[in-house]
Amino acid sequence: MSAAEDYRKKASTLTYRHQAFINGRFTNAASGETFDNYSPIDGQVLTAIAACDKEDVDRAVKAARTIFEKGTWSEMAPRERKTVMLKFAALIADNADELALLETLDMGKPITFSRQGDMEGVVRTVQWYAEAIDKIYDELAPMGTGAVGMITREPLGVVGAVVPWNFPLLMAAWKFAPALAAGNSVIMKPAEQSPLTCLRVAELASEAGIPDGVFQVLPGFGETAGQALGRHMDVDMIAFTGSTEVGKYFLKYSAETNMKHVSLECGGKSPNIVFADAPDLDAAAQDAGMAVFYNSGQVCVAATRLLVEESVHDEFLEKVKKVGETMQPGDPLDPATMMGTMVDSEQTERVKSYIEIGAKEGATLAYGGKQVRQNTGGYYLEPTIFDGVKNDMRIAREEIFGPVLSTLTFKDPEEALSIANDSIYGLQASVWTRDINKAHKVARKLKAGTVNVNNTDGGDITVPFGGYKQSGIGRDKSLHAYDKYSQLKTTYIELK
Ligand code: NDP
């Protein structure tokens with residue numbers, strides 16, 4: 001039996017959690033409504049999922065608030081909370097094969113990446129925040145002998161987290177791990193395309209000892225469940241990852257209701273600047289290809305604008321095309337597959353429309369551009385490379401969220417910087433050069449939350465991640481994210 005057949009056999013024995021997880025139990029939506037959850041691998045229905053709405057949000061918020069005020073989790077001794085969170089991480093690790101398979105079936109990414117990239121990232125994230133819990137100290141202000149100024153961190157209360165479908169469980173973990181670690185009650189709203197892993201993990205949270213009401217999951221649509229969370233008067237914070245357009249809605253929801261905290265991780269159009277003196281053009285080309293074709297380009301930080309110094313443009317483009325050749329879409333359940341499916345038919349059509357726009361705008365289609373494997377019933381697009389792109393074209397300005405690379409050229413660092421920074425986004429940027437002075441100077445001038453030097457995919461749970469400009473507000477990962485889910489209290493004691 002091939003490895004892919006083996007995964008198919010395992011998939012046929014899986015049980016899909018399909019109800020909402022409220023107050024420690026799986027339950028139908030109050031309305032009884034469901035929606036079909038499709039696999040983009042073959043377009044087949046996996047299961048019918050509870051379609052939560054306002055009433056379900058009310059139930060979950062009530063449970064979250066009750067347990068928060070009771071203090072069972074929010075006031076638990078840090079060392080005990082750490083122990084529970086470490087058990088939660090261990091349970092996720094024990095079930096990582098099943099979770100990776102669910103992720104691949106649900107949103108079509110290659111099983112190797114689900115298992116290694118996503119699930120290992122989830123476990124590391126939960127472990128890291130668990131370990132941090134009893135190592136974060138509060139502060140005493142410098143008051144002299146007449147007073148004590150205590151600065152203590154307190155959890156915010158009820159946190160709603162609305163997440164997308166491109167890294168369903170990993171994006172969820174970047175929210176729930178620090179929010180839980182800080183003592184909050186968390187309500188997750190996974191994307192309609194990919195709720196399966198979050199629902200399964202809710203069960204594991206319960207098994208680990210996270211009290212009922214502290215970790216809840218409400219599957220459903222953005223305009224119903226997502227909006228109801230965003231507008232709820234008793235939700236203290238919304239942590240969001242997704243499009244810039246929807247991110248702005250959450251600011252509006254907050255402004256029109258209770259001024260809840262809002263953190264936003266939104267879109268990007270990351271520039272990847274390759275100077276002629278890059279340390280290794282082959283390695284740079286390999287990275288440039290992976291940075292836009294990985295996860296079928298459905299990545300907020302995808303380095304979709306390739307800026308190449310004129311003198312090496314022809315040579316470099318040939319090398320990137322060769323990377324495209326090695327990333328042909330294949331069966332996501334085959335461990336050798338490097339590129340899987342698009343998340344659904346809507347996203348496939350959206351990306352195809354951008355490929356048409358690029359050609360109409362006058363860019364040269366240098367590689368790919370077609371939908372393939374249609375006989376499977378799934379949604380597969382070739383790696384696609386445009387050359388001769390100008391920065392005012394839509395394919396250089398708008399987030400396509402597919403495997404489409406726009407290649408531009410520049411003459412000197414000043415021109416590279418002016419193109420790179422001419423964007424409404426500022427999530428991530430990369431620069432390739434062996435000149436340490438040039439690397440530092442360019443990195444400092446790039447308007448992006450993360451700048452990678454001689455790589456395109458830097459980062460670790462220890463460093464903050466988030467955007468400048470319309471790429472977002474606030475940071476995920478690192479202790480800065482822990483702070484985001486806390487508020488500071490000053491207690492001023494006069495000594496008589
Ligand atoms: P969205 O921003 O539309 O969705 C992200 C989350 O927000 C989902 O859970 C979604 O629910 C929810 N949502 C949608 N509309 C509302 C609303 N009116 N009120 C409250 N919540 C809402 O991203 P999509 O998944 O639709 O993808 C569209 C585009 O967004 C992509 O093409 C890409 O450009 C960008 N994107 C960016 C990501 C990033 O990491 N920066 C990640 C994913 C997408 P529902 O499940 O119903 O859609």
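Residues numbered from 1 in each chain as written. Predicted model: local features only at pLDDT ≥ 70, side-chain atom pairs only at ≥ 80, totals over all residues. Heavy atoms only, no water.

S.K.: Honestly, the site of the ligand in this entry has me stumped. Any pointers?
M.R.: Of all residues adjacent to the ligand, which total 30 residues, the nearest are Trp165, Glu192, Gly222, Ser243 and Tyr253. Contact distances for the ligand include 2.9 Å between an oxygen atom and a backbone N or O atom of Val163. Separating an oxygen atom of the ligand from a side-chain N or O atom of Gln347 is a distance of 3.3 Å. In isolation the ligand exposes 850 Å². Once the protein is present, 90% of that is buried. When residues of the shell around the ligand are traced back to their parent elements, those giving at least two are helix H8 (222–231), strand S10 (237–241), helix H9 (244–256) and helix H12 (345–361). Of the residues belonging to the shell around the ligand, the class tally is 15 nonpolar, nine polar and six charged. (Near = heavy atom within 4 Å. Polar contact = N/O pair within 3.5 Å; in protein donor to acceptor, adjacent residues only side chain to side chain. Areas by Shrake-Rupley, 256 points an atom, 1.4 Å probe, with all protein chains shown as cover. Helix = DSSP H or I, 4+ residues; strand = E, 2+ residues; numbered from the N terminus. Nonpolar A, V, L, I, M, F, W, Y, C, P; charged D, E, K, R; others polar.)

S.K.: Can you walk me through the pairing of strand S18 (residues 404–410) in this structure?
M.R.: S18 sits mainly inside the fold: six of its seven residues count as buried. Summarising the sheet, strand S13 (residues 305–309) and S18 pair through five bridges and their orientation is parallel. Each bridged residue has a counterpart across the sheet, and for Val308 the counterpart in S18 is Thr409. Sheet topology places strand S17 (residues 384–387) next to S18; three bridges connect them, and they run parallel. When the bridges of S18 are listed, Phe386 appears paired with Ser406. (Buried < 20%, exposed > 50% of the residue type's maximum accessible area, 1.4 Å probe, protein only. Pairing = 2+ DSSP bridges.)

S.K.: Sorry, what's going on with the environment of Asn455 here?
M.R.: Mapped onto the elements, Asn455 comes out in the loop between strand S21 (450–453) and strand S22 (468–469). Judged by relative accessible area, Asn455 falls into the partly exposed class, the value being 24%. The sequence separation of Asn455 and Thr197 amounts to 258 residues, and the corresponding C-alpha distance is 30 Å. Residue contacts for Asn455: discarding those within four places in its chain leaves Asp287, Ser430 and Trp432. (Contact = heavy atoms within 4.5 Å.)

S.K.: Sorry if this is basic, but what is going on with the side chain of His232 here?
M.R.: Assignment of secondary structure puts His232 in the loop between H8 and S10. Here the side chain of His232 touches Asp58 through a polar contact of 3.0 Å, side chain to side chain. The contact partners of His232, leaving out residues within four places of it in the chain, are Val57, Asp58, Val61, Asn258 and Lys260.

S.K.: Even after reading the chapter, I still don't get the side chain of Thr341, so can you show me in this structure?
M.R.: Mapped onto the elements of the fold, Thr341 is located in the loop between helix H11 (313–326) and H12. Apart from residues lying up to four places away in sequence, Thr341 is in contact with Pro40, Ile41, Met107, Gly108, Ser296, Gln298, Pro332, Tyr379 and Tyr380.

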